[in-house]
Structures are given as C-alpha cells and as structure tokens.
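Listed below are the residues making up each chain.
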Amino acid sequence: MQRTIVSLSSLILSIILLIMGNAYLMTLLGLRLSIEDFNASVIGWILAFYSIGFVAGTLYAGRIIEKVGHIRAFAVLAAVLAASILIYPMLVQAGLWGVLRAVGGFAMAGLMIVMESWFSSRADNRNRASLFAVYQIIFFLSTAGGQVLIRVADPAGFVPFSLATILVVLALTPLSMTRRESPTITQGERLSLPKLYRKSPTGTLGALIAGLLISAFYAMGPVYADRIGLDLNQVSNFMAAAIIGAMILAWPIGQLCDRFDRYRVMLVSAVVAALCSVAAAIIGGMNMVVLVFFVGLYMGISAAIYPIAVAITNDLMETHQITAASTALLLSYGLGSIIGPLVSALFMDFLGPRGLFISNALMLGGLVLFMVAGPKRRHPTVEEQEQYYTTMPEAALGMEELDPRNTGFEETADTDGAEDPEQTTGRDRD
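By convention here, each chain's residues receive numbers from 1 onward along its written sequence. Confidence filtering applies because this is a predicted model: local features only for residues at pLDDT of at least 70, side-chain atom pairs given and counted only at 80 or more, and all residues used for totals across whole chains, interfaces and linings. Calculation of side-chain values draws on the structure's entire complement of heavy atoms; hydrogens and water are dropped beforehand.

A. Structural view of the overall build of the protein. In this text, helices come from DSSP runs of H or I with a minimum length of four residues, and strands from runs of E with a minimum of two, each type numbered from the N-terminal end. For the protein, the helix and strand inventory stands at 16 helices and 0 strands. Think of it in three bands: with a 1.4 Å probe and only protein chains considered, a residue is buried below 20% of the maximum accessible area for its type, exposed above 50%, and partly exposed in between. Put simply, the protein has 430 residues, and 57% of those count as buried. Residue pairs in contact within the protein that sit at least 24 positions apart in sequence constitute 85% of those at least 6 positions apart. Residue exposure ignores everything except the shown protein chains as possible cover, and the areas themselves are Shrake-Rupley values with a 1.4 Å probe. Looking at the protein as shown, the accessible area adds up to about 17,300 Å², and 63% of this sits on carbon and sulfur atoms. Contacts are assigned to residue pairs that have any heavy atoms within 4.5 Å of one another.

This is the structure:
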C-alpha cells in the first residue's frame, strides 16, 4: 500500500492543488456576487450553471480523453479552466459569469475523470478499500483547505482570482512530469434514470436530494454567511466546518451502514439532518460557535446521503450493472445539483438568509415522506449487503472499478499471466 501511495505522489499533488483551487473559487464567487449586491435568485442561477457544465462533462469529456490521451486532455482542460477564472474579475456581469461557470464545470468534470481513472487504475484486491479511503481523505482535506484560503485576500479584488488560477496551473506540473503509463478509458453500458428508479427508487431519489442539498450549500452558503454579517475569517470557518463535518462523520456512518439496514440508516440520517438544518435557520448569526456546530453536523450527515444511496442501489444490482448504475446515480445527483441553488435562492429572496436552511430542511422532509409513504421495494438483509464505501459524488467519476464485485481486476490479471488475482494484477505492475 505504501509503495502504491508513493508511486501516486505526483498525481496526489495535482489532485490537492486542483481541488483546493476549485473549492476556493466556488466560495469566492458566492462572496463576490453577494458583495456586488446581486439578488439571491440571480446568484443561484449563475452558480447553477457550474452543475450544468459538470453534468455535460461527465457525459462528453471522456471523448476528449479518448482522442488525445490523459495528459494532453488534462493540460487542455486545465488551461481552459485557468483562463475562465482570470476572466471573472474583468467584467462582473451575470450572463458572462453563468457561461464561465458552465465552462468551468465541464472542464472540472474532465479533469476529475483524468485524475480519478488514473488513481483507480492503481487499485487491486489487496488495497482497494484503503486506496479509496486515502483518496476521500485527500479530497475532503483539499476542499477544506480551499475554504481556509478565503481569508488570504479581499474577494472584491483581482488577487483571489489570480491565486485560484495559480493553483489550477500548478496542478499541471506534477501530473505532466509523471513517468507512469496512463490508464485506458473504457465506455460501459448505460442505464437510464427511469430504469434505475424502477429498480431502486430510494437510491435514485436519495442521490437527487443529495445533489440538491450539497450544491445549495456550497453555492449559497457563502452568500448566507456574508448576509448575516460574518467577516472573512468567520466565512472561512463556516464553510470549512461543513467539509470537516463530512470527513469526521463519514467513518461512523459507514460503520452503521455495514451493521444495520441501510434504508433505515438513510431515513434516520435525513430526519437528523433536517432537524440540524432547522436549528441552523433558527440560530442564524446569534452564536457563531453553535451555528458552526449545527452546520458541520448538518452537512456531515447530508453528505452521507449520497454514498448511502449508492450502497442501497448497488445492493440491488447485478455485477455487470454496477458501473451503469453508478453513472445513472451521478446523473441524478447532477440534476439535483442544478436545481438546488435555484430553489434555495428563491427561498432566500422571500425569507432572507435563513431561507437556505429552511429550503434544505423541506427537501429532507420530502425524502423522509417518500421513504415512509412512497413505493416499497424489498431491500437486502444486513447479511446480504455488500461492503460500504464512503464517497463524494464529485469524487466518484472514475472510481467504479473499486467495487468489490467488479471482476475487471481478475480478468486483467488472468490475461497478464498472474497466478493469483488476490496477489497480483496487471494494473498493479509498475
């Protein structure tokens, strides 16, 4: 395992720089739009275009990688993303920023596919779970690091956009200098959302609601923080608390999902997250410490809804359907991430900043109502459940191969002449 991590060091550095730069930019844009006194609905529309571009990228960016290869595709997409970041402060105009957000979302999806497919290609039967955990920790910490950078420079100026650009450009260097052979992109079968819903209605809706919740918070959270009067340091702590909460709660929620019925775990999680969201709406800016606590708890639990939805769905799928189901769930999440900022922004226009948490509580209430009164499906018993893996949707584009039932590793090992697929695989060679 240690040898594998060392061999991936250049890739890990590229991931850290890119995720930090993108996370920093997302919070920066919300703050800048709020400073420029755009109303919440306009901000929601502008930032929702990122999700539109990201969904398009998950569907089509792979074609670019297939044509020119991983490293060239990474260079092209990073250059496009960097250029788009530098354009923002040149003209603060809603239509232009919406287009730039869509371009950035598309580029980011392609960059994630490059890095994650490369990362997952190093997994084998011995290190799959551990490598997946390392990747998630890197993702969480890099995202939190991006929030900490908010306090470095005034969002009203040009400097923070330059800093975000520098991080994205520097992410090019380690990956471009690697001597490792790039992995192969393969196109799997497709599974439509209606078919997935018929097979796993709870998993499909859970992924959609997770997209609504997470995108609403990351898009409108900085606007909320600015409009309740938090300074830059407090905004940084407020946003970082959400990521740290997700990282801290990931392991205990995963343990619960392996020991108890995942359907019930999701139901209880949705109820608790809704209560925390209501508490955050009531507290507002009255007590910063208590607010950060409830926000961290709310986002930590909300972030777990997507991986629980994935686990519930995968338990119902045949081995050959796993990749197709993962892609469909990501699409469901993406659709939710487009709608989330728009709904929350509408509530914020009518109810003020607290509308962010009120709308999220209502979304969670809808999920609870669906699970209690909606269509019933038989779910596997605890003994029949597959192993649970914590994942963030944005960090799941190239990770389908990590599913323990995916036989691709064993097949690769056999064709390469390995004696035992549990000990050696074609992908594990240097």
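B. Representation of the environment of valine 169 within the structure. With respect to the element layout, valine 169 can be found in helix α7 (residues 159-170). Residue valine 169 is classed as partly exposed on the basis of its relative accessible area, which comes to 39%. Spatially, the C-alpha atom of valine 169 lies 9.4 Å from that of glycine 21, the residues being 148 residues apart in sequence.

C. How the structure looks around the packing of helix α11 (residues 232-259) against helix α13 (residues 288-315). Working convention: axes come from line fits to C-alpha atoms, limited for helices to the stretch in contact. Angles between N-to-C directions cover 0 to 180 degrees. The geometry of α11 relative to α13 is characterised by a closest axis approach of 6 Å and an angle of 45° between their N-to-C directions. Classified by the angle between their axes, α11 and α13 sit oblique to one another. The element α11 and its partner α13 pack so that their crossing is right-handed. Across the interface between the two elements, Gln234, Asn237, Phe238, Ala241, Ala242, Gly245, Ala246, Leu249, Ile253 and Cys257 from α11 touch Met288, Leu291, Val292, Val295, Gly296, Leu297, Met299, Gly300, Ile301, Ala303, Ala304 and Ile308 from α13. Residues are sorted three ways: Asp, Glu, Lys and Arg are charged, Ala, Val, Leu, Ile, Met, Phe, Trp, Tyr, Cys and Pro are nonpolar, and all the rest, Gly among them, are polar. Its residues assigned to classes, the contact of α11 with α13 comprises 17 nonpolar, 5 polar and no charged. Throughout, the term roughly parallel applies to angles under 35 degrees, roughly antiparallel to angles over 145, roughly perpendicular to angles from 65 to 115, and oblique to all others. In a left-handed crossing the near helix is turned counterclockwise from the far helix by less than a right angle, and in a right-handed crossing that turn is clockwise.

D. Seen up close, the side chain of serine 142. Of note, serine 142 is situated in helix α6 (residues 128-148). Classification of serine 142 by relative accessible area gives buried; the value is 3%. Apart from the residues within four sequence positions on either side, serine 142 is in contact with Ile16, Ile19 and Met20.

E. Spatial organisation of the packing of aromatic side chains. Only rings of Phe, Tyr and Trp enter the pairing, Trp through its six-membered ring, and a pair is recorded when the two centres are within 6.5 Å. The plane angle decides the type: under 30 degrees is stacked, over 60 is edge-to-face, the rest tilted. Evaluation of the coordinates by the stated rule reveals 12 aromatic pairs. Where tyrosine 224 meets phenylalanine 238, the ring centres are 5.6 Å apart and the plane angle is 25°; that geometry is what we call stacked. Of the two residues, tyrosine 224 sits in helix α10 (residues 201-227) while phenylalanine 238 sits in helix α11, which places them 14 residues apart along the sequence. What makes tyrosine 224 buried here is its relative accessible area of 1%. A connected cluster of aromatic rings, assembled from ring pairs, spans Phe217, Tyr218, Tyr224, Phe238, Tyr298 and Phe357.

F. Seen up close, the pattern of salt bridges. Salt bridges are counted wherever a side-chain nitrogen of Lys or Arg sits within 4 Å of a carboxyl oxygen of Asp or Glu. Per the counting criterion, the structure on display carries 1 salt bridge. The residue arginine 32 makes a salt bridge to glutamate 36 at a minimum N-O spacing of 3.0 Å. Under the relative-accessibility criterion, glutamate 36 is labelled partly exposed at 35%.

G. Up close: unusual backbone geometry. Backbone geometry at aspartate 37 places phi at a positive 70°, although glycine is not the residue there. Note that aspartate 37 resides in the loop between α2 (9-35) and α3 (40-68). Judged by its relative accessible area of 66%, aspartate 37 is exposed.

H. Structural context of the packing of α3 against helix α4 (residues 70-87). Axis separation between α3 and α4 bottoms out at 7 Å; the angle between their running directions is 130°. Relative to α4, the element α3 is oriented oblique. Along this stretch, α3 crosses α4, giving a crossing that reads as right-handed. Contact residues: α3 offers Ile64, Ile65 and Val68, while α4 offers His70, Arg72 and Ala73.

I. Expanded view of the environment of isoleucine 358. Note on placement: isoleucine 358 falls in helix α15 (residues 355-373). Residue isoleucine 358 is classed as partly exposed on the basis of its relative accessible area, which comes to 26%. Contacts of isoleucine 358, omitting those with residues within four sequence positions, involve Ala281, Phe347 and Leu351.

J. Broad picture of a nonpolar patch on the surface. Each patch is built from salt-bridge-free residues with over 30% relative accessible area, joining like charges within 9 Å and nonpolar side chains (Val, Leu, Ile, Met, Phe, Trp, Tyr) within 5 Å. A contiguous nonpolar patch, built from Leu86, Ile87, Met90, Leu91 and Phe158 and spanning about 450 Å² of accessible area, is present on the exposed surface. You can see leucine 86 is positioned in helix α4. Taking relative accessible area as the criterion, leucine 86 reaches 30% and is therefore assigned partly exposed.

K. Inspection of the confidence of the model for the protein at higher detail. Across the protein, the average pLDDT comes to 80, with 77% of residues at or above 70. Per-residue confidence from the prediction method is given by pLDDT, with values spanning 0 to 100. Within the protein, the element-level pLDDT minimum falls on helix α16 (residues 408-415), averaging 39, and the maximum on α7, averaging 94.

L. Expanded view of α3. With 29 residues, α3 should cover 42 Å at 1.5 Å per step; its first-to-last C-alpha distance of 40 Å lies within 8% of that length. Given a residue, its bend is the angle between the two axes fitted to the seven residues that end at it and to the seven that start from it. If you look at α3, its biggest bend is around 50°, right at threonine 58. Positive phi shows up at glycine 69, right after α3, with a value of about 95°. Residue count minus one, scaled by 1.5 Å, sets the expected span of a helix.

M. Summary view of the nonpolar core. By size, the foremost hydrophobic cluster in this structure holds 120 residues, and its most contacted members are Met108, Phe217, Met220, Phe238 and Phe357. With residues up to four places along the chain from it excluded, the contact list for methionine 108 reads Leu18, Ile19, Asn22, Tyr50, Phe54 and Leu81. By nonpolar core we mean a set of buried residues, namely Ala, Val, Leu, Ile, Met, Phe, Trp, Tyr and Cys, connected to one another through side-chain atoms within 4.5 Å.

N. Up close: the side chain of threonine 313. Mapped onto the elements, threonine 313 comes out in helix α13. With relative accessibility at 0%, the residue threonine 313 sits in the buried group. Side chain to side chain, threonine 313 and serine 200 meet in a polar contact 3.2 Å long. At 2.9 Å, the side chain of threonine 313 and the backbone oxygen of alanine 309 are in polar contact. Setting aside its immediate chain neighbours within four residues, threonine 313 contacts Leu196, Ser200, Gly203, Thr204, Ala325 and Leu329. Throughout this description, a polar contact denotes any pair of N or O atoms lying within 3.5 Å of each other; where both atoms belong to protein, one of them has to be capable of donating a hydrogen while the other can accept it, and for residues adjacent in sequence the pair is counted only when both atoms sit in side chains.

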